[in-house]
Amino acid sequence: MNKLVKDALVLTCITVIAGFALGLVYEITKTPIAKAEEAALQKAYQTVFADAKSFEALDGFDSNAATKIVQDAGYTDDTIDNCVQALDASGNPLGYVITVTSSAGYGGNITFSVGITNESVINGYSITSISETAGLGMKARDEGEGTFSSQFINRNAEIFKVTKTGAHDSSEIDAISAATITSKAVTNGVNAGVTYFNSLVGGGANE
Amino acid sequence: MNKNLERLYNGLWKENPTFVLMLGMCPTLAVTTSAINGIGMGLSTTVVLVLSNMMISALRNLIPDRVRMPAFIVVVASFVTIVQFLMQGFLPSLYTSLGIYIPLIVVNCIILGRAESYASKNPVIPSMFDGIGMGLGFTVGLTLIGIVREVLGNGSIFDVAIKPLDNFHITLFGLAPGAFIVLGFLVALMNVVRRKMEEKGRPLAKAQGCLSGDCAGCTLSSACTGKEEK
């Protein structure tokens, strides 16, 4: 009996010490982690809105309400996480950066930011979190000439459709070869962003 | 050869966790889609393995035998979480590329295996070298499997396309079935090597992982099954 109590006490001590150590490290790293995440987000914003000098949170933005708008429009796999306004040097609004999470990826959630100007032109997207198959779906992250992501740059904001037979008209997007699920997830995510953007400029959820 | 160097050699070659002990097959299957992933997972495991080996070795006289399993798991899980927090806060770029592997380290049986079979019975410094050796051995194993799968599955090596192979790659090898196929060939090959070495009278260390057929090869077998070791 004594032995049992001793064993339990030692185990409790180890667990409590480990718990304290974790709490301590958490407190120390909380601010740097928040800063690092903020920096990553700012970088994604800057990628999709190179002209903007600063980004400002949208007044009265509510993630749940925004998500409901796109869910009602049929994009049930997508949530709108955040939306910020891109401002130029003198503080005039240039457009919006909308952060979308799609749960329709092959390897789980894909989170990315889409930049759309007030003239309804898409500036492309930048992925902040993705875990697709290397060499297939991961290509959605590649940037530059001829990549999947470059298809969205300078396109008019409309509802896009993925095609496997070569894009012919302005609303078609070429799928990543052998990664149709990823292609559809990202494209529908962009569509959800466009839908929310339309509701913004159409004077729906926000004045 | 001094004892510490012997531990390094042991982990890298004689008892290589991936090829000889067949430990940690779960992360091996999951992350070896490319060579760079193998290196990333291997090195993060090494860091946790070194820290947990040292801590468990330092506490080896304090932890009662009967509760050693939960004590080891608490230590390992705490280190994994601490490493994750530190990386996320201070090395965010490294975290973006390795982040998904870090929680996987907790379930890596190499760490618990080494804690049980080496660190809990030996002093701190040799345990540290055991961790470095085993960790690097795991890294080498994962990287080699990653290279095979990346070359066959994506026609590239360390993300650099090999011409003209990149037009003729077999996508299957980048996916889960490819992992099992490569692992199957690997186990077959190791069984041949094992038999050859036994004939020569220099048997390899016994496989400890689940791939030995039952849990008999594992030093933790008695803890899981209640059966005494033979």
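Our subject is the structure that appears above.
As the structure is a prediction and not an experimental result, all values here were calculated from the model. (Residues numbered from 1 in each chain as written. Chains lettered and ligands numbered in written order. Predicted model: local features only at pLDDT ≥ 70, side-chain atom pairs only at ≥ 80, totals over all residues.)

Visitor: How do you make sense of the overall build of chain B when you look at a structure like this?
Guide: Summing up its helical and strand segments, chain B has 10 helices and two strands in all. Taken from the N to the C terminus, the helices and strands of chain B come in the order α-α-α-α-α-α-α-α-β-β-α-α. A total of 230 residues make up chain B; the buried ones form 43% of that total. Considering only residue pairs separated by 6 or more positions, chain B has 72% of its internal contacts joining residues 24 or more positions apart. (Helix = DSSP H or I, 4+ residues; strand = E, 2+ residues; numbered from the N terminus. Buried ≥ 20, exposed ≤ 12 C-beta atoms within 10 Å, placed from the backbone. Contact = placed C-beta atoms within 7 Å.)

Visitor: What exactly am I supposed to notice about the overall build of chain A here?
Guide: Of the regular secondary structure elements, chain A holds three helices and eight strands. The N-to-C order of helical and strand elements in chain A reads α-β-α-β-β-β-β-β-β-β-α. When the backbone C-alpha atoms are referred to their principal axes, chain A occupies close to 80 × 45 × 35 Å. Looking at the 207 residues of chain A, the share that counts as buried comes to 35%.

Visitor: Hey, could you run me through the packing of helix α1 (residues 2-48) of chain A against helix α4 (residues 68-90) of chain B in this one?
Guide: For any two helices packed against each other, one specifies the inter-axial angle together with the distance between the axes. Two elements in contact, α1(A) and α4(B), have axes whose closest approach is 8 Å; the angle formed by their N-to-C orientations is 10 degrees. When the axis of α1(A) is compared with that of α4(B), the two are roughly parallel. Between α1(A) and α4(B), the contacting residues are Leu11(A), Ile14(A), Thr15(A), Ala18(A), Ala21(A), Leu22(A), Val25(A), Tyr26(A), Thr29(A), Pro32(A), Ile33(A) and Ala36(A) on the first element and Pro70(B), Ala71(B), Val74(B), Val75(B), Ser78(B), Thr81(B), Ile82(B), Phe85(B), Leu86(B), Gln88(B), Gly89(B) and Phe90(B) on the second. Its residues assigned to classes, the contact of α1(A) with α4(B) comprises 18 nonpolar, six polar and no charged. (Axes fitted to C-alpha atoms, helices over the stretch in contact; angles between N-to-C directions. Parallel < 35°, antiparallel > 145°, perpendicular 65-115°, else oblique. Nonpolar A, V, L, I, M, F, W, Y, C, P; charged D, E, K, R; others polar.)

Visitor: Looking at this model, I keep getting lost on the environment of Lys68(A). Mind explaining?
Guide: Relative to the helices and strands, Lys68(A) resides in helix α2 (residues 63-72). Note on Lys68(A): 14 C-beta atoms within 10 Å, which makes it partly exposed.

Visitor: What's the story with the interface of chain A and chain B in this structure? I'm lost.
Guide: In many analyses, interface size is given as the accessible surface area lost on bringing the parts together. Listed per partner, the contact involves 22 residues of chain A and 27 residues of chain B. Of the residues contributing to the side of chain A that touches chain B, the split by class is 15 nonpolar, five polar and two charged.

Visitor: How should unusual backbone geometry be read in this particular structure?
Guide: Glycine aside, residues mostly have negative phi, and peptide bonds are mostly found in the trans state. The residue Ala178(A) is not glycine, and still its phi comes out positive at about 65 degrees. For Ala178(A), a count of 16 C-beta atoms within 10 Å translates into the label partly exposed. Positive phi values are uncommon outside glycine, yet Met22(B) reaches one of about 55 degrees.

Visitor: Is there a simple way to explain helix α8 (residues 124-154) of chain B in this structure?
Guide: Since the α-helix packs 3.6 residues into each turn, any two residues three or four apart lie on the same face. Between its terminal C-alpha atoms α8(B) stretches 43 Å, which fits the 45 Å expected from 31 residues at 1.5 Å a residue. Following α8(B) by one or two positions, Gly155(B) adopts a phi angle in the positive range, close to 65 degrees. (Expected span 1.5 Å × (residues − 1).)

Visitor: Where do I start with the pairing of strand β5 (residues 121-129) of chain A in this structure?
Guide: The side chains of a regular strand alternate, residue by residue, between the two faces of the sheet. Residues and elements named next belong to chain A. One ladder, built from five bridges, connects strand β4 (residues 108-117) with β5; its direction is antiparallel. In the strand pairing of β5, Thr-111 is matched with Ser-129. Between β4 and β5, which pair antiparallel in sequence order, lie three residues; one of them, Ser-120, sits at a positive phi of approximately 65 degrees. Two elements, β5 and strand β6 (residues 153-156), share three bridges in a ladder whose sense is antiparallel. The residue of β6 that forms the bridge with Ile-122 is Arg-155. (Pairing = 2+ DSSP bridges.)

Visitor: Got a minute to help me understand the packing of helix α1 (residues 3-14) of chain B against α8(B) in this structure?
Guide: All names here are of chain B. The N-to-C vectors of α1 and α8 enclose an angle of 25 degrees; their axes lie 7 Å apart at closest approach. With respect to each other, α1 and α8 are oriented roughly parallel. The element α1 and its partner α8 pack so that their crossing is right-handed. Listed contacts from α8 to Lys-3, Asn-4, Arg-7, Leu-8, Asn-10, Gly-11 and Leu-12 of α1 are Ile-125, Pro-126, Phe-129, Asp-130, Ile-132, Gly-133, Met-134, Leu-136, Gly-137 and Val-140. Looking at side-chain class alone, the contact of α1 with α8 contains nine nonpolar, five polar and three charged residues. (Left-handed = near helix turned anticlockwise from the far one by under 90°.)

Visitor: It is not clear to me how α4(B) should be interpreted in this structure. Could you clarify?
Guide: Compared with the 33 Å implied by 1.5 Å per residue over 23 residues, the 33 Å span of α4(B) between its first and last C-alpha is a close match. For α4(B), the set of buried residues is Ala71(B), Phe72(B), Val75(B), Val76(B), Ser78(B), Phe79(B), Val80(B), Gln84(B), Phe85(B), Met87(B), Gln88(B) and Gly89(B).

Visitor: I'm lost on the nonpolar core in this one. Help?
Guide: Note on soluble globular proteins: their nonpolar side chains tend to be buried together. Ranked by size, the top nonpolar core spans 48 residues in total, and within it Val48(B), Phe72(B), Val75(B), Val76(B), Ile110(B) and Ile111(B) carry the most contacts. For this core, the leading source of residues is α8(B), giving eight residues. If we skip the residues at most four places from it in the chain, Val75(B) touches Ala18(A), Ser52(B), Met55(B) and Ile56(B). One finds Ile80(A), Ile122(A), Ala179(A) and Leu200(A) within the second-largest nonpolar core, a separate group that totals 41 residues. (Core = buried A, V, L, I, M, F, W, Y, C linked by C-beta atoms within 7 Å.)

Visitor: Quick question: what am I supposed to make of the pairing of β4(A) here?
Guide: Bridge count between strand β3 (residues 93-105) of chain A and β4(A): nine bridges; the pairing is antiparallel. Paired with Thr99(A) across the strands is Ser113(A), a residue of β4(A).

Visitor: I would appreciate a short explanation of the sheet that holds β5(A) in the present structure.
Guide: Whenever strands of a sheet pair, they do so through backbone hydrogen bonds, lying parallel or antiparallel. Residue and element names in this part refer to chain A. Across the sheet, which stays open at both edges, the six strands sit in the order β1-β2-β3-β4-β5-β6 with antiparallel pairing between neighbours. Of all strands in the sheet, those with a lone pairing partner are β1 (54-57) and β6, marking the two edges. Shown here is a sheet whose adjacent strand axes are inclined to one another by a mean of 35 degrees, direction ignored.

Honestly, that's just the spatial picture; any functional story needs more than this.
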